[in-house]
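Coordinate inspection notes
So the chains spell out like this:
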Amino acid sequence: MEVQIRMWNKDLPTLISPWIPILLGLHMHFSWATTCPEECRCDRTFVYCNERSLMSVPLGLGEGYKTLYLHNNQINNAGFPLEMHNVASVETVYLYGNQLDEFPVNLPKNVRVLHLQENNIQTVSRAALAQLLRLEELYLDDNSISTVGVEEGAFREAISLKTLFLTKNHLSSVPIGLPEELRELRLDENRIAIIAEDAFENVTGLERLLLDGNLLTDEGIAPEALQTLVNLKTLSMARNSLTVPPPYLPAEFLVKLNLQDNQMNEIPLTAFHGLHRLERLDISNNQLQSLTQGVFDGLHGLRQLTVRNNLWLCDCNIKWVILWLKSLPATLNVRGFMCQKPERVRGMVIRELTLELIQCPNSTATVPQPTLLSASTAESATQTAFTPARSRPTPTPSPLTLLPPNAGEDREQRTNDPVGPRQESLRVSFAVLNGSCIQVSWVSTFAVTAYKVTWVKLGHSLITGPMQESLVEGERGGIALANLEPKSTYRICIDPLDAFNSYHPGDDTICSEVMTKSTSFDSGDNTTGPEQATQQDPSSPFLLAGLIGGAVLVVLVVLLSIFCWHMHKKERSDSSKWKYSRGRRKDDYCEAGTKKDNSILEMTETSFQIVSLNNEQLLKGDFRIQPIYTPNGGVGYTDSQRRNNSTAYCKNSVPESDTCHK
C-alpha cells in the first residue's frame, strides 16, 4: 500500500499537467463572456460594436479582447470613457466612419493598429499621441487635417509608429516632427506645394514615400530634401507639376520610381545617375518628345520601363532609341514607345521602325522610297530589288530598279546612292490578289535563316490598325497576307534574320506600301492576271443575304402586328356583349365556375348573384366560394364541405370573416 501511494504521488504532476491549459482556456473564455458590453457581440477575441448608431464607446469592456470594431457609428470625441484607456489587451481598434473632429484620447493604451479614416478630424495633439506608446500603424485617410492643425512634433510622440497614412487631407506641407521609426508615409491627394530641406530630418529609416496628386513644382522641392532618405525603396510623385525629375534622388536602395502624369519635357543626362538598383521606372503621360542618348545607361537593374502617352518625335534623334530597344535583353520590359510625330509614322511602334522611315535632312545617305501599289493602276504587282549592307562592296552609285511582272518592258526609277552599288541579292514582289489578300514573294541569293514579315494598315493621318507580324522559315519563298480590308493601304516590311534570329536594322529591311482592291473592282481586267480574274468579293453574297433576311424579318413583324391588333379588337367586341361587364367596375367582380364553366358570379357592394353566361339554366347544386387574398395581404381559406365538386375562386379582397354559401 505504501509503495502504491508513493507511485501515485510521483505520477500526479504528470497526470495534471495536460489539463492545465484546458482549464485556463475555459476560465478565460467564461470570464470574457461575462465582460462583453450589452450593446455589442463578442466572439473569442473580437468585439463587434459596429453599425449600431452608438454615440459613445460602450461601457463594460473587459480584458482578453484584442480587436474592437466601432466603425460606422456616430461616436464623437466626448464618447471615450476613461476606463477604456485601462483596457490593456486591445491591440486593434476600428473607428472609421464616425463623427470625430479631433484625434481621440483615452484609447486603449496598448493599441498597435488604429483606423480613423473617413471622420472629420481637423487637429492632432501631442497629448493624444503620447498616450499610445505602442502604436505602430495609424490610418488617418480622408479627414480634414491641415498643416496648422497638426501640433509640431505630435507624430513624434508615437515613438513606435512605423506606418502613417494621411491620404486625402488638407496638408500644404510635410508635417514637422515625424517619428524616427517611420517606414511608410503616404501624403498623396493633399495640397503639398513645398518640401523643405529638413522635412524628412531624422527619418532615415523611411522606405516608402507617396506624394501623388499634390501641387509640387520644381521650385517647391528643396535640392537636398530627398537626399537624407538613404533607405528609401519606393518614391511616387505622380500627378504633380514637375518639368524635370527631382534632383539628388536617394540612389542606394531605390527600387521603384513613379513620375507619371507630370509636365516633364526633358530628362537630364544625370537625372538617374547612380540608381543601380532601380527596377521600375514610370515616366508616362508627360510632355517628352525625345531622350538624351545614354540617359538609361546606369540603370543596370531595370526590369520595367513605362513611357506611354508622350509626344515622341520620330526623327534622327530617335535612332539611338531604336537600336537600344532592339539590343535589350528579354528581362527588361519596355512599354509605350510609339511615334506621335511626324504624321507619316504616327502610331507606329518605335522598336519596329526602320531607318528608311526616319527623315534625316542633313544625312548624306538616302533611303529607298516605298512603292505604293493600287488596283487602279495597270500593274498589279511590283518587284523591288535590294541588297543588304553586309554584301555591299566599294562605294559607287547605282540605280534602284522597280520591275513590274507581266510587263512587256522594264521601267526604272533612279535615285542617287552614294553609299555603294545595290546588287540584286534580295528581290521582293508584292501581288494584289483581291480586296483581302496580298501575296508577298521573295528570292534571296544569300543564306537567310528566317524572315520577319510585318504589316499594318495606314490611314489618312496615322496608323489605323494593329501591327501584325509573322516569322517565315528561310526555305520558303513567300507568304500570303489574308483577311485584309478592301481598298486599304498597308505598309509591309520584310526583315531577314541571321542564325541568331537577330535583326539587322537599316538597309536589311525592305518596306513597301501596297493598296488592296475595292469590292467593286472589275475582275475581268486583263492587267490583274488570270488568278484575279476568277476572284470574287467574298462579302457580296453575305451582303445580299443580309438584305433579303432583313426584308423578310420586317414583313413578318408587320404581319404579326396586324394579327395581334385584329385579335385584340375582336376580344374587346365580344367582351362588350357580356352582361356582367356592363356598368360595373372591375374591382366588384370575382370569377367563378360551375362544372361546365357556364356561369359567372356577379358581386356588388351589397349582394351577389350567379348569372349564366349563355342564358342557359344553371345547374342545380351547392356552390362554395373560397376567398384567396385577404385584406391584409395574406391568404385566408375558410373550410367548408365541398359539394358536387363546385369551386369558386376570388381574385379580389374579401373579408376573412365572410363565408359564402348558396
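Here goes a summary of the coordinates provided. (Residues numbered from 1 in each chain as written. Predicted model: local features only at pLDDT ≥ 70, side-chain atom pairs only at ≥ 80, totals over all residues. Heavy atoms only, no water.)

**Description of the overall build of the protein**
The cut-off we apply is this: Secondary structure elements are taken from DSSP: a helix is a run of H or I of four residues or more, a strand is a run of E of two residues or more, and numbering for both begins at the N terminus. Burial here depends on accessible area, computed with a 1.4 Å probe over protein chains only, as a share of the maximum for the residue type. Under 20% is buried, over 50% is exposed, and the range in between is partly exposed. Whether two residues are in contact is decided by their heavy atoms, any of which lying within 4.5 Å being enough. Residue exposure ignores everything except the shown protein chains as possible cover, and the areas themselves are Shrake-Rupley values with a 1.4 Å probe.
If you tally the helices and strands in the protein, you get 6 helices and 30 strands. When the 662 residues of the protein are sorted by exposure, 41% land in the buried category. The long-range fraction of contacts in the protein, counting pairs at least 24 apart against all pairs at least 6 apart in sequence, stands at 51%. When the accessible area of the protein is evaluated, it comes to approximately 36900 Å², of which 52% is carbon and sulfur surface.

**Topic: the pattern of salt bridges**
Formally: When a carboxyl oxygen of Asp or Glu is within 4 Å of a side-chain nitrogen of Lys or Arg, the pair counts as a salt bridge.
Within this structure, the stated rule accounts for 13 salt bridges. Residue Asp43 pairs with Arg44 through a salt bridge whose shortest N-O separation is 3.9 Å. Given the relative accessible area of 30%, Asp43 is considered partly exposed. Among the residues examined, Arg44 registers a relative accessible area of 59% and is labelled exposed.

**Quick look at a positive patch on the surface**
Stated precisely, the cut-off is as follows: Patch definition: residues with relative accessible area over 30% and no salt bridge; like charges joined within 9 Å; nonpolar side chains (Val, Leu, Ile, Met, Phe, Trp, Tyr) joined within 5 Å. A residue counts as positive if it is Lys or Arg and as negative if it is Asp or Glu; His and the chain ends are not included. Every charge is mapped to an atom, namely NZ of Lys, CZ of Arg, CG of Asp or CD of Glu.
On the surface, Lys256, Arg280, Arg308 and Arg335 cluster together to form a positively charged patch. Within the secondary structure layout, Lys256 lies in strand S11 (residues 256–258). When its relative accessible area of 33% is taken as the criterion, Lys256 is described as partly exposed.

**Comments concerning the pairing of strand S20 (residues 437–444)**
Put simply, the rule is: A pair of strands is considered paired only if DSSP assigns at least 2 bridges between the two.
With 8 bridges joining them, strand S19 (residues 426–434) and S20 adopt antiparallel strand pairing. Bridge assignment links Val432 to a residue of S20, and that residue is Ile438. Counting the residues in the hairpin turn of S19 and S20 gives 2 residues.

**Topic: the packing of aromatic side chains**
Put simply, the test is: A pair of Phe, Tyr and Trp rings is counted when the ring centres sit within 6.5 Å of each other, with Trp represented by its six-membered ring. The angle between the planes then sorts it: under 30 degrees is stacked, over 60 is edge-to-face, the rest tilted. Each ring is checked for a lysine NZ or an arginine CZ that lies within 6 Å of its centre and within 35 degrees of its normal; such an atom marks a charge sitting over the ring.
All chains considered together, the criterion is met by 11 aromatic pairs. Centroid distance Tyr139 to Phe165: 5.0 Å. Interplanar angle 75°. Geometry classified as edge-to-face. On the criterion of sequence distance, the pair formed by Tyr139 in strand S6 (residues 137–139) and Phe165 in strand S7 (residues 163–165) is long-range, its members being 26 residues apart. In this structure, Tyr139 and Phe165 share a single accessibility class: buried. Both rings, one in Trp312 and one in Phe337, keep their centres 5.1 Å apart while their planes meet at 40°; by these two values the pair is tilted. A residue pair is termed long-range when its members are at least 10 positions apart, and Trp312 in the loop between strand S13 (304–306) and helix H4 (319–326) and Phe337 in the loop between strand S14 (333–335) and strand S15 (372–373) qualify at 25 residues. Taken as a pair, Trp312 and Phe337 share a single burial class, namely buried. Put simply, the rings of Phe46, Tyr48, Tyr69, Tyr94 and Tyr96 pair up and form one aromatic cluster. Looking at Arg186, its charged tip hangs above the ring of Phe165, at a distance of 5.2 Å from the centre.

**Structural notes on the nonpolar core**
This is how it is decided: Take the buried Ala, Val, Leu, Ile, Met, Phe, Trp, Tyr and Cys residues and link them wherever side-chain atoms come within 4.5 Å; each set so joined is a nonpolar core.
Leu138, Phe272 and Ile350 are the most contacted members of the largest nonpolar core, which has 100 residues in total. Mapped onto this core, the elements with two or more residues apiece are helix H3 (126–130) and H4. Among the elements that line this core, the one with the most residues is H4, at 5 residues. Contacts of Phe272, omitting those with residues within four sequence positions, involve Pro245, Leu257, Leu259, Ile267, Leu281, Val295, Phe296 and Leu299. Counting 21 residues, the second largest nonpolar core, distinct from the first, contains Val428, Ile438, Trp442 and Leu481.

**Examining the state of the cysteines**
Counted only if it meets this: Note on terminology: disulfide denotes any pair of cysteine sulfur atoms within 2.5 Å.
If you walk through the whole model with that rule in mind, you get 4 disulfides. Put simply, Cys40 and Cys49 are joined by a disulfide, and their sulfur atoms are 1.8 Å apart. Residues Cys40 and Cys49 are joined through a disulfide that is right-handed, its torsion about the S-S bond being 110°. In terms of burial, Cys40 and Cys49 fall into one category: buried.

**Observations concerning H4**
For H4, the full list of buried residues reads Trp320, Val321, Ile322, Trp324 and Leu325. In the core, the buried residues of H4 are packed alongside S13 and S14.

**Thoughts on a negative patch on the surface**
A cluster of like negative charges, contributed by Glu197, Asp198, Glu201 and Glu224, occupies part of the molecular surface. Relative to the elements of secondary structure, Glu197 occurs in the loop between strand S8 (184–186) and strand S9 (208–210). Glu197 sits in the partly exposed class, given a relative accessible area of 48%.

**Points about the side chain of Asn310**
Using the following cut-off: Pairing of N or O atoms within 3.5 Å defines a polar contact, subject to two protein rules: one partner must be a possible hydrogen donor and the other a possible acceptor, and residues neighboring in sequence count only if both atoms are side-chain atoms.
Along the polypeptide, Asn310 turns up in the loop between S13 and H4. A relative accessible area of 2% places Asn310 in the buried class. For Asn310, the side chain forms a polar contact with the main-chain nitrogen of Asn286, separated by 3.2 Å. At 3.0 Å, the side chain of Asn310 forms a polar contact with the backbone oxygen of Val307. Here Asn310 is in contact with Ile283, Ser284, Asn285, Asn286, Gln287, Leu288 and Gln340, once residues within four sequence places are set aside.

**As for unusual backbone geometry**
Glycine aside, a negative phi is what most residues show, and trans is what most peptide bonds show. The omega torsion across Lys341 and Pro342 is -10°, close enough to zero to call that bond cis. For Pro342, the position within the fold is in the loop between S14 and S15. Residues other than glycine seldom take positive phi values, yet Glu118 does so here, at roughly 55°. The topology assignment puts Glu118 in the loop between strand S5 (113–115) and H3. Phi is positive for Lys487, close to 50°, though the residue is something other than glycine. Structurally, Lys487 is set in the loop between strand S23 (478–481) and strand S24 (489–497).

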